[in-house]
Amino acid sequence: MKIRLILFGDTASEPLREWMGTYEKRINHFISFRIEILKNTNPSDEGTALLKRLEEKDFLILLDEKGKEFTSKEFAVYLEKLMASSGRDIVFCIGGAYGFSKTVYERSNSTLSLSKMTMPHQLIRLVFIEQLYRAFTIIRNQPYHH
């Protein structure tokens, strides 16, 4: 099983890239994890690019303002159950500035929201990767999460 995070457009801030790299390495201690960056265009073109990157069996979770919200512990439980039951690779996707196309929503298996507040797409990348790492430390009962 693998987890991928697909993003649109480069991470503009060097400090954000460094932090993301730190958490990416940490997550890889638990599971195969990689970040893929696709070209930032418009929602329908991004949708086509995203769908080309997916295998039919991939479990696609969109990070979307209308998605389900979890506490960190609830997200860890959700992720653990998903990994145990699906047997599929998990792909998280943070869309571009204008969200996802209709075809991407139709293909998705789930949507997830990190907050009811609107956050910059650049910042949400780091927030999500940190929460993914936190989920694995909760699953493994490590002291990172208090």
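My aim in this report is to walk through the structure given alongside it, one point at a time. (Residues numbered from 1 in each chain as written. Predicted model: local features only at pLDDT ≥ 70, side-chain atom pairs only at ≥ 80, totals over all residues. Heavy atoms only, no water.)

**Focus: the pattern of salt bridges**
Here the structure, examined in full by the defined rule, presents eight salt bridges. Residue Glu106 is joined to Lys102 by a salt bridge in which the shortest nitrogen-to-oxygen separation is 3.9 Å. Placement of the pair is Glu106 and Lys102 together in helix H4 (residues 102-107), with a separation of four residues, close to one helical turn. Taken as a pair, Glu106 and Lys102 share a single burial class, namely exposed. (Salt bridge = Lys/Arg side-chain N within 4 Å of Asp/Glu carboxyl O. Helix = DSSP H or I, 4+ residues; strand = E, 2+ residues; numbered from the N terminus. Buried < 20%, exposed > 50% of the residue type's maximum accessible area, 1.4 Å probe, protein only.)

**Description of the sheet that holds strand S3 (residues 59-69)**
Across a sheet, strands are paired by hydrogen bonds formed along the backbone, either parallel or antiparallel in direction. Strand order across the open sheet formed by five strands is S2-S1-S4-S3-S5, with parallel pairing between neighbours. A strand with exactly one partner marks an edge of an open sheet, and here the two such strands are strand S2 (32-38) and strand S5 (110-113). This sheet shows a mean twist of 30° between the axes of neighbouring strands, independent of strand direction. Two elements, strand S1 (residues 2-8) and S2, share seven bridges in a ladder whose sense is parallel. The partner of Leu7 across the bridge, within S2, is Ile37. In this fold helix H2 (residues 43-52) packs onto S1, S2, S3 and strand S4 (90-94), with an angle of close to 160° to the strand it touches most, S1. (Pairing = 2+ DSSP bridges. Axes fitted to C-alpha atoms, helices over the stretch in contact; angles between N-to-C directions. Contact = heavy atoms within 4.5 Å.)

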